[in-house]
Amino acid sequence: MKVDHMRPPLQGVRVIELAGIGPAPFCGMMLADHGADVIRIDRPGGSDPMGQDQRRDILLRSRRSITLDLKQPESIEIVSRLIETADGLIEGFRPGVAERLGLGPDVLMKRNPALVYGRMTGWGQAGPLSDKAGHDLNYISLSGCLAAIGPEGQPPLPPLNLIGDYGGGGMMLAFGFVTALLAARQSGEGRIIDCSMVDGAAALMAGMWSLKHNGTWEAARGQNLLDGGAPFYACYACADGAFVAIAAIENKFFSRLLEALDLGNDQLFADQYDQSNWPGMKSRLSDVFSSAPREFWTEKLLERDCCFSEVLTMDEALANDHNRARDSYLEGDGYVQPRPAPRFVATETITPKMWKRDSDREAILREAGVDATGKLANHWPSKQQAAAGIG
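Basis of the calculations
Residues numbered from 1 in each chain as written. Predicted model: local features only at pLDDT ≥ 70, side-chain atom pairs only at ≥ 80, totals over all residues. Heavy atoms only, no water. Core = buried A, V, L, I, M, F, W, Y, C linked by side-chain atoms within 4.5 Å. Buried < 20%, exposed > 50% of the residue type's maximum accessible area, 1.4 Å probe, protein only. Contact = heavy atoms within 4.5 Å. Salt bridge = Lys/Arg side-chain N within 4 Å of Asp/Glu carboxyl O. Helix = DSSP H or I, 4+ residues; strand = E, 2+ residues; numbered from the N terminus. Phe/Tyr/Trp six-rings, centres within 6.5 Å; stacked < 30°, edge-to-face > 60°. Arc of directions from axis to C-beta. Axes fitted to C-alpha atoms, helices over the stretch in contact; angles between N-to-C directions. Parallel < 35°, antiparallel > 145°, perpendicular 65-115°, else oblique. Nonpolar A, V, L, I, M, F, W, Y, C, P; charged D, E, K, R; others polar.

(A) Here's a closer look at the nonpolar core. With 29 residues, the main nonpolar core has Val15, Leu31 and Phe177 as its most contacted residues. With near-sequence residues (within four places) excluded, phenylalanine 177 lies in contact with Val13, Val15, Leu31, Asp87, Gly88, Leu89, Ile90, Val116 and Ile193. Ranked by size, the runner-up nonpolar core spans 28 residues in total, among them Ile246, Ala248, Val288 and Trp297.

(B) Summary view of the pattern of salt bridges. Summed over all chains, the structure comprises 22 salt bridges. Between aspartate 37 and arginine 14 there is a salt bridge, and its shortest N-O distance comes to 3.2 Å. Placement of the pair is aspartate 37 in strand β2 (residues 37–42) and arginine 14 in strand β1 (residues 14–18), with a sequence separation of 23 residues. Of the residues examined, arginine 14 reaches a relative accessible area of 5% and is grouped as buried. Of the charged contacts, one joins arginine 111 and glutamate 77 as a salt bridge, the two residues approaching to 3.2 Å between their closest N and O atoms. In this pair, arginine 111 sits in helix α4 (residues 105–111) while glutamate 77 sits in helix α2 (residues 73–84), placing the two residues 34 residues apart along the sequence. On the basis of relative accessible area, arginine 111 is assigned to the partly exposed category, the value being 28%. Connected through shared salt-bridge partners, Arg14, Asp37, Arg64 and Glu367 make up one network.

(C) Just the packing of aromatic side chains, in detail. Overall, the coordinates contain 9 aromatic pairs when judged by the stated rule. Their ring planes at 90° and their centres at 5.7 Å tell us that phenylalanine 232 and tryptophan 278 sit as a pair that is edge-to-face. You can see phenylalanine 232 sitting in the loop between α8 (206–213) and β7 (233–237) and its partner tryptophan 278 sitting in helix α10 (residues 278–289), a full 46 residues away along the chain. Like phenylalanine 232, the residue tryptophan 278 is buried in the burial classification.

(D) Just helix α7 (residues 197–204), in detail. Where α7 is concerned, the buried positions are Met197, Val198, Gly200 and Ala201. Angular distribution of buried residues about the axis of α7 spans 165°; they occupy a single face of the element. In this fold, the buried residues of α7 make contact with α1 (23–33), β5 (116–121), α5 (136–141), α6 (162–187) and β6 (191–196).

(E) Representation of the packing of α6 against α7 within the structure. At a closest axis distance of 8 Å, the pairing of α6 and α7 adopts a crossing angle of 95°. In terms of their interaxial angle, α6 and α7 are classed as roughly perpendicular. Of α7, the residues touching α6 (which contributes Ile163, Gly164, Asp165, Gly167, Gly168, Gly169 and Met172) are Met197, Gly200, Ala201, Ala203 and Leu204. Taken together, the residues that form the contact of α6 with α7 break down as 6 nonpolar, 5 polar and 1 charged.

Have a look at this one:
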């Protein structure tokens, strides 16, 4: 039986992305992954602060690109004209930079009143720290998030840049963009999104605040339910140096784990939530898991449905049976990368294409009303014409 697939949910949405690093590109990736036409305005010298080859940057996938020098008035006018054909813009400058360029919301929303103007910063558009430099680690430290991560008695552990840049930053901005777009299509009025990674990281901590209010998150770092303090929610080393993860929070799962490990009658484990016994329980479990290689524990525990999993490296994740069955990773232009997420049932999927500098310059200039001689025309395509590729 043939199934007619719906078009990607953001097909027909046009977004202008002013080149940046970290969370703003992640937001652009999320929107492009689900069908949005994202036009990235790249800088002449590139935007990666570490000088990495941006052609290998997964965060930049599936965009159209044009390189413009935003210090030049002609480039500002081109971006402004593109804004008139767009649904939204995302930028990751420090507060005030877009205004100094002539691309602030006060200017652009006069040209397109329904524009969704997404602003991505670390500290926010206002506040005592708003003009200060920083990176992910700084932003999540101010939200109470970083202090809760890491082993007992040791400094907090940087959790990659997943919480600030991507979870509390780019993902939050993508959510804000789509919600503001829905409102704009109903009212005809655009919105300005003040998305800060401090705010986003704080919002991601909502569950921890719930635990705190219920008296189950009071101890120091590494001694609580979900921070590695609980012996049934922790990682353990195996004899081969690999690791396993145990998340048997509920008693039924913990009981199954103990039975599989022949610890069901051990009185040390009689009361799962007796925190005075947690250090001893963790020590015993560490001894057990270190007695055999990870493959042994996978065979023994995976089918017991006790919230067990292997701790895989990025390379191991590619070969995992579950990930392979779901095609969780794919290859785009020769580079292995995560599949766009989330998935939409009975919907066309976007095949990622790696970014190439200035890949669509001619077409984008035409859409901005720049004629063959490089001059700005008096008229340029309407939003509908640009979306249809009519120049």
